[in-house]
Structure formats: structure tokens, C-alpha cells
Amino acid sequence: MTEAGKKEPEGPFPFKVNGIEIKADARKLRARQILALASDHHAMPGKPNEYVLQGDKGQYAPDDEVDLLEDNVFITIPTTPTPVA
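Residues numbered from 1 in each chain as written. Predicted model: local features only at pLDDT ≥ 70, side-chain atom pairs only at ≥ 80, totals over all residues. Heavy atoms only, no water.

Novice: How would you sum up the overall build of the chain? Please name residues and give values.
Specialist: Summing up its helical and strand segments, the chain has one helix and seven strands in all. Out of the 85 residues belonging to the chain, those deemed buried represent 28%. Once local pairs closer than 6 in sequence are excluded, the contacts in the chain between residues at least 24 apart make up 48%. Accessible surface computed for the chain: about 5900 Å², of which carbon and sulfur atoms make up 51%. (Helix = DSSP H or I, 4+ residues; strand = E, 2+ residues; numbered from the N terminus. Buried < 20%, exposed > 50% of the residue type's maximum accessible area, 1.4 Å probe, protein only. Contact = heavy atoms within 4.5 Å. Areas by Shrake-Rupley, 256 points an atom, 1.4 Å probe, with all protein chains shown as cover.)

In C-alpha cells, the structure reads:
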């Protein structure tokens, strides 16, 4: 049963990646979109495809849908080997 008066929340939808605050116009994004926005906002070094997204609800694969009202604080975890000096 749906409530007739209940509306979807309107954006922007703030979230953080590695401590950097970013805003999205959509409530739900794919993890790859969040990583691309994080890269655009210099929240991580390297390319988005070199990372997975980790939130309070677990790790997100690139095609996983993320609801920013349910999970909105993330860190990035590199998927490539870390260079050693």
C-alpha cells in the first residue's frame, strides 16, 4: 500500500568520499558514478576503475546501485597493486 501524499525526496543529495563532500542530483547512483564524481572532485588519486567503493553497508561493485539516503559516507579501496619504493 502506498501513501498518496508521500513524495520522493528532492536533491541535491550530499555524500562524502574519503572525507570530501560531494553532491549528486539523483538519490540513487551506480558505484561507478560515485567513483567518477569522487575523481572529478579530487577525492582520490588515480582513475575510478582502479578502486572499489566501501560504505557503511559494505563494498559496492561498479554496477551496484547505491541509495544515498541509506549509505552516504564512503572510502575508496585500490584494486591495483600499491607501488613500493
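Novice: Break down the side chain of D71 for me, with residues and values.
Specialist: Along the chain, the position of D71 falls in the loop between β6 (65-67) and β7 (73-78). A distance of 3.1 Å separates a polar side-chain atom of D71 from the backbone nitrogen of D56. Not counting the four nearest positions on each side in its chain, D71 is found in contact with G55, D56, K57, Y60 and V66. (Polar contact = N/O pair within 3.5 Å; in protein donor to acceptor, adjacent residues only side chain to side chain.)

Novice: Mind laying out the sheet that holds strand β1 (residues 13-17), listing which residues take part and the relevant values?
Specialist: On the basis of which strands lie adjacent, the open sheet formed by five strands has the order β2-β1-β7-β4-β5 and mixed pairing. On the outer flanks of this sheet lie β2 (20-24) and β5 (58-60), each paired with one strand and no other. Neighbour-to-neighbour, the strand axes of the sheet open up by a mean angle of 35°, direction not taken into account. Here strand β4 (residues 51-55) pairs with β5 via three bridges, running antiparallel. Its bridge partner being in β5, Q54 is matched across the sheet by Q59. (Pairing = 2+ DSSP bridges. Axes fitted to C-alpha atoms, helices over the stretch in contact; angles between N-to-C directions.)

Novice: Give me the pairing of β7: which residues, what numbers.
Specialist: Two elements, β1 and β7, share two bridges in a ladder whose sense is parallel. The residue of β7 that forms the bridge with K16 is V73. Here five bridges tie β4 to β7, and the two strands are oriented antiparallel to one another. Within β7, the position partnered with L53 by the bridge is T76.

Novice: Could you give an account of the pattern of salt bridges, naming the residues involved and the relevant values?
Specialist: Under the definition given, this model contains two salt bridges. Between R27 and D67 there is a salt bridge, and its shortest N-O distance comes to 2.7 Å. In this pair, R27 sits in the loop between β2 and β3 (28-30) while D67 sits in strand β6, placing the two residues 40 residues apart along the sequence. Residue D67 is classed as buried on the basis of its relative accessible area, which comes to 11%. (Salt bridge = Lys/Arg side-chain N within 4 Å of Asp/Glu carboxyl O.)

Novice: I'd like to hear about the nonpolar core, residue by residue, with values.
Specialist: Counting 18 residues, the largest nonpolar core has F15, V17, I34, L53, V66, L68 and F74 as the members making the most contacts within it. Elements that contribute at least two residues to this core include exactly β1, β2, α1 (31-40) and β4. Here this core gets four residues from one element, more than from any other, and that element is α1. When neighbours within four sequence positions are excluded, V66 is seen to be in contact with R27, K28, L29, A31, I34, Y60, D71 and F74. (Core = buried A, V, L, I, M, F, W, Y, C linked by side-chain atoms within 4.5 Å.)

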